Structures are given as C-alpha cells and as structure tokens.
Amino acid sequence: MSRTFAMIKPDAVQAGNAGKIIAHLQDAGFRVLGMKLTQISRQQAEKFYEVHAARPFYGELVEFMSSGPSVVLALESDNAVTKWRETIGATDPAEAAEGTIRKLYAESKGKNAVHGSDSDENAAIEIAFFFSGTELVG
Ligand code: CDP
Ligand code: MG
C-alpha cells in the first residue's frame, strides 16, 4: 500500500461536487486516511505550487486556489500516486479520458476540479503540508 495527496479544488467544492468526488474515489478503491475542508491562504497556495512560479498561469492559479474552500485528502491504495492520476485524468478536461473525475467535473485546464501528487516523494511532502501525523488514521 502507498499514499497520495488529493485536493478537491474550489471550483468543484463551489459547484457542490465534493460529495460525488469522494464517493467516486472510494468506489475506485481508495481509503481515506485524512480529510478536511479548508480555505487555503494565498501564501499556502504560493508555496504549494512553488514549482510553477515561473509559469504564466501561476498568478491566476494562486488566486483561484485561495478563492474558496477546498477539501484536502490523504489517500491510500496500491500504487496510490499512479492510480489517482489515472482516476482524475489529464490536466485539461478536454484531453481527459471518459469517466475520469476531470472529464466529469472540471470546467477548464485551470479550474480542473482536483489535484493529484505526481510522485511518491511529492505525495509525502504534500500530505505533510496539510496534515499532522495525528490527523491521519492508521
Ligand atoms: O494538476 P496537474 O499535475 O495535472 O497539472 P500541473 O501541470 O502540475 O499544473 C498544476 C495546476 O496548474 C493544474 O492542475 C491547473 O490547475 C493549473 N494549470 C493551468 O492553469 N494552466 C496550465 N497551462 C497548466 C496548469
Ligand atoms: Mg502537478
């Protein structure tokens, strides 16, 4: 078993799709180890997406991610990182496969409903960014 970090972004929470996305991820075989509703601050969004700081969409991304509540989740499954990336689909919903969360719920490449870690190393960093050890179930 391994872990990944997931986020239901402000667009999907605002649209009332958080419950459906949680049901979807449980049906896909993920176990929720930690979950909370939180409005990410501007500073947290800047730090979380630091790797994209030089990209033209960074300002808009930080603005969007701190614009309303998100649901942050620590998930467990076999090959959690890869499996979650497959479950959410491509960054741009226009390119996401049928049945993926982004295909079902994303509005656009920027407002794309969910986040998923891209490596085991980043999954651990991102889980620790939002959860203390005692906030995760064993
Ligand atoms: O989220 P993912 O790992 O699929 O994509 P990314 O390349 O790591 O980009 C992070 C986030 O930046 C995306 O999920 C989008 O919300 C946003 N983004 C954007 O607004 N415009 C782009 N051209 C690329 C990414
Ligand atoms: Mg990424």
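Before reading further, recall that the structure is shown in the block above.
Residues numbered from 1 in each chain as written. Chains lettered and ligands numbered in written order. Predicted model: local features only at pLDDT ≥ 70, side-chain atom pairs only at ≥ 80, totals over all residues. Heavy atoms only, no water.

Asks: How should I be thinking about the overall build of the protein chain in this particular structure?
Replies: Counting its regular elements, the protein chain contains 7 helices and 4 strands. Listed N to C, the secondary structure of the protein chain is β-α-α-β-α-α-β-α-α-β-α in terms of helices and strands. Scaling as 2.2 N^0.38, a compact globule of 138 residues should have a C-alpha radius of gyration of about 14 Å, and the protein chain matches this with 14 Å. Each principal axis of the C-alpha distribution contributes one length, and for the protein chain these read about 40 × 35 × 25 Å. Per-residue burial for the protein chain yields a buried fraction of 44% across its 138 residues. Residue pairs in contact within the protein chain that sit at least 24 positions apart in sequence constitute 76% of those at least 6 positions apart. As presented, the protein chain carries roughly 7,100 Å² of accessible surface, and 50% of it is formed by carbon and sulfur atoms. Side-chain charges of the protein chain comprise 14 positive and 18 negative groups, with the mean position of each set lying 2 Å from the other. (Helix = DSSP H or I, 4+ residues; strand = E, 2+ residues; numbered from the N terminus. Rg over C-alpha atoms; globule rule 2.2 N^0.38 Å. Buried < 20%, exposed > 50% of the residue type's maximum accessible area, 1.4 Å probe, protein only. Contact = heavy atoms within 4.5 Å. Areas by Shrake-Rupley, 256 points an atom, 1.4 Å probe, with all protein chains shown as cover. Lys, Arg positive; Asp, Glu negative; His and termini not counted. Charge placed at Lys NZ, Arg CZ, Asp CG, Glu CD.)

Asks: Quick question: what am I supposed to make of helix α7 (residues 120–130) here?
Replies: Along an α-helix, a turn takes 3.6 residues, which lines up residues three or four apart on a common side. Those residues of α7 not exposed but buried are Ala123, Glu126, Ile127 and Phe130. The buried residues of α7 occupy an angular sector of 100° when projected down its axis, which confines them to one face. Summarising the geometry of α7, the exposed residues directed more than 90 degrees from the buried face are Glu121 and Ala128. Those residues of α7 hidden inside the fold are in contact with β1 (2–8), β2 (31–38), α3 (42–48), β3 (70–77), α5 (80–88) and β4 (114–116). (Arc of directions from axis to C-beta.)

Asks: Which parts of the structure should I look at to understand the nonpolar core?
Replies: For soluble globular proteins, nonpolar side chains are generally found buried alongside one another. Counting 18 residues, the largest nonpolar core has Phe5, Met7, Met65, Phe130 and Phe131 as the members making the most contacts within it. Those elements that place two or more of their residues in this core are β1, α3, α4 (58–65), β3 and α7. With 5 residues, α4 is the single largest residue contributor to this core. Ignoring any residue separated from it by four or fewer positions in sequence, one finds Met65 in contact with Met7, Lys9, Pro10, Ile40, Ala45, Tyr49 and Ser70. The next biggest cluster of nonpolar side chains, apart from the first, holds 17 residues, and it includes Leu25, Leu73, Ile101 and Ala113. (Core = buried A, V, L, I, M, F, W, Y, C linked by side-chain atoms within 4.5 Å.)

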